[in-house]
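For reference, the chains in residue letters:
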Amino acid sequence: MKPIICRSALEAVSLIENNETLWTHSMGATPKLLLDALAQHALTKHGLTLLQLHTEGAESLSDPRLKDHLRHRCFFAGTPTRSLLQQGEADYVPIFLSEVPKLFRSGEQHIDTAIVQVSPPDKHGICSLGISVEATLAACQMAGKIIAHINPMMPRTHGDGFIHYSKFAAVFEQSMPLPQHLIDSSDKTSQAIGQHVATLVRDGDCLQMGIGAIPDAVLSCLTAHKDLGVHTELFSDGVLNLVELGVINNSRKKVHPGKIVTGFALGSQRLYDFVDDNPSVIFMDIEQVNDTAIIRKNPNVMSINSALQVDISGQVCADSLGTKIYSGVGGQMDFIRGAGLSEGGRSVIALPSTAANGTVSRIATVLSPGAGVVTTRAHVHYIVTEYGCAYLRAKSLRERARALIDIAHPKFREQLCQEAFKMWRLRV
């Protein structure tokens, strides 16, 4: 069947009926035009549920008027949904990112409609999910119908993210720039953390890192390394310079040697131009990218992730500020476990030593009440701040506390020592 060719985004989303469960394409591929139209269309409907990961530029769906019409169900919080989650007006589902596609494919999570943004069809009628395959491929495979924004500015990427034009129920075409995520990693704290983490990276390592100032600072410190590979949930611009220098060549990988493997990308137009029709970068189903059984096949996996808070026993909170949901479980544990099982693999949690303009220590005696433990103390290898590296694997609670207090901000160290004894009976 041929899709309905729509003259407007509103016409395309008008196929959505009452009580439907929807999935939206996420990250840099967030279909903003269709979601803005959905915000208008949903006012005429009831019982809609919108499943999502982090979305970019979808603030229109946070309109208070939608309260009785549409409810967000988030596997990962983003700017548009964070305040709703913290107010109890949206639902947060803690889950490993690798398991989200399994929810869909097993039928445990039903999807009526998938809303996506894709590249124009090629001569074979095949479109690309572009810069974000993540769980959207699985959602498209299982959805009752797919509504697509065809965007000529969406890169056509290699890998798993292909979908035939005939699979769409409705299409709306309009050229529109993709959201750009520009990162400044030049601040002293990020640079100091980057330099410490870089000392842990060896030639030939297979890297996994997120996006943000710290991962980019780490990458900026690796220009003298050799034969690095990338198998990562996501990547941004920090990778590009190392590819151009030949530092990242993926030559020592066992899984997809010679290729960067990712689930999505978010960054500048330079990044989007780099991945466009580039067979050396493959965007894959996140069930595969984040599968520990696949990650561990590469030797020397180096997993670099961040956190909001770490306690002196090594528990890592990465999805909430106390009980306030901030982000999500994501793929942190997928890769920390995969790296731990990889021959020669290591994992790093990197974070600034303080928050709230230096008034709060991110290394805490105990986690804040309600804080989500994303990575357990049994899984942690390295914790890094701007003050150094703490190696926790196979260390006792007392040894961990000492190592972590040593990389806390100096003004909090005495207090942490006192509290370690008072709360844990640890003499450090």
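Residues numbered from 1 in each chain as written. Predicted model: local features only at pLDDT ≥ 70, side-chain atom pairs only at ≥ 80, totals over all residues. Heavy atoms only, no water.

Under an unreviewed UniProt entry, the name given to the chain is 4-hydroxybutyrate CoA-transferase, and the organism recorded is Shewanella ulleungensis.

> Help me understand the overall build of the chain in this model?
If you tally the helices and strands in the chain, you get 14 helices and 29 strands. A globule of 428 residues ought to have a C-alpha radius of gyration of about 22 Å, and the chain, at 22 Å, matches this closely. Structurally, the chain occupies a C-alpha span of about 70 × 50 × 35 Å along its principal axes. A burial count over the chain gives 57% of its 428 residues as buried. In the chain, once contacts between residues fewer than 6 apart in sequence are set aside, the share between residues at least 24 apart is 71%. When the accessible area of the chain is evaluated, it comes to approximately 17100 Å², of which 51% is carbon and sulfur surface. Separation between the mean location of the 40 positive side-chain charges and that of the 41 negative ones in the chain comes to 7 Å. (Helix = DSSP H or I, 4+ residues; strand = E, 2+ residues; numbered from the N terminus. Rg over C-alpha atoms; globule rule 2.2 N^0.38 Å. Buried < 20%, exposed > 50% of the residue type's maximum accessible area, 1.4 Å probe, protein only. Contact = heavy atoms within 4.5 Å. Areas by Shrake-Rupley, 256 points an atom, 1.4 Å probe, with all protein chains shown as cover. Lys, Arg positive; Asp, Glu negative; His and termini not counted. Charge placed at Lys NZ, Arg CZ, Asp CG, Glu CD.)

> Teacher, can you tell me more about the side chain of glutamate 20 here?
If you trace the backbone, glutamate 20 turns up in the loop between α1 (9–13) and β2 (21–24). What makes glutamate 20 buried here is its relative accessible area of 7%. Within the structure, the side chain of glutamate 20 is placed 3.0 Å from the backbone nitrogen of glutamate 17, a separation counted as a polar contact. Here the side chain of glutamate 20 touches threonine 113 through a polar contact of 2.6 Å, side chain to side chain. Beyond its immediate sequence surroundings of up to four residues, glutamate 20 is in contact with Leu15, Gly47, Leu48, Thr49, Asp112, Thr113 and Lys145. (Polar contact = N/O pair within 3.5 Å; in protein donor to acceptor, adjacent residues only side chain to side chain.)

> What should I look at first to understand the sheet that holds strand β27 (residues 373–375) in this one?
Within a sheet, neighbouring strands are paired by backbone hydrogen bonds and run either parallel or antiparallel to one another. Strand order in the open sheet formed by four strands is β26-β19-β20-β27, and the pairing between neighbours is mixed. If you trace the sheet from one side to the other, it starts and ends with β26 (363–364) and β27, each paired once. Where strand β19 (residues 309–311) meets β26, two bridges bridge the pair, whose relative direction is parallel. By the bridge assignment for β26, aspartate 311 is matched with alanine 364. On the sheet, helix α12 (residues 332–341) packs against β20 (316–317) and β27 and is oriented at approximately 35° with respect to β27. (Pairing = 2+ DSSP bridges. Axes fitted to C-alpha atoms, helices over the stretch in contact; angles between N-to-C directions.)

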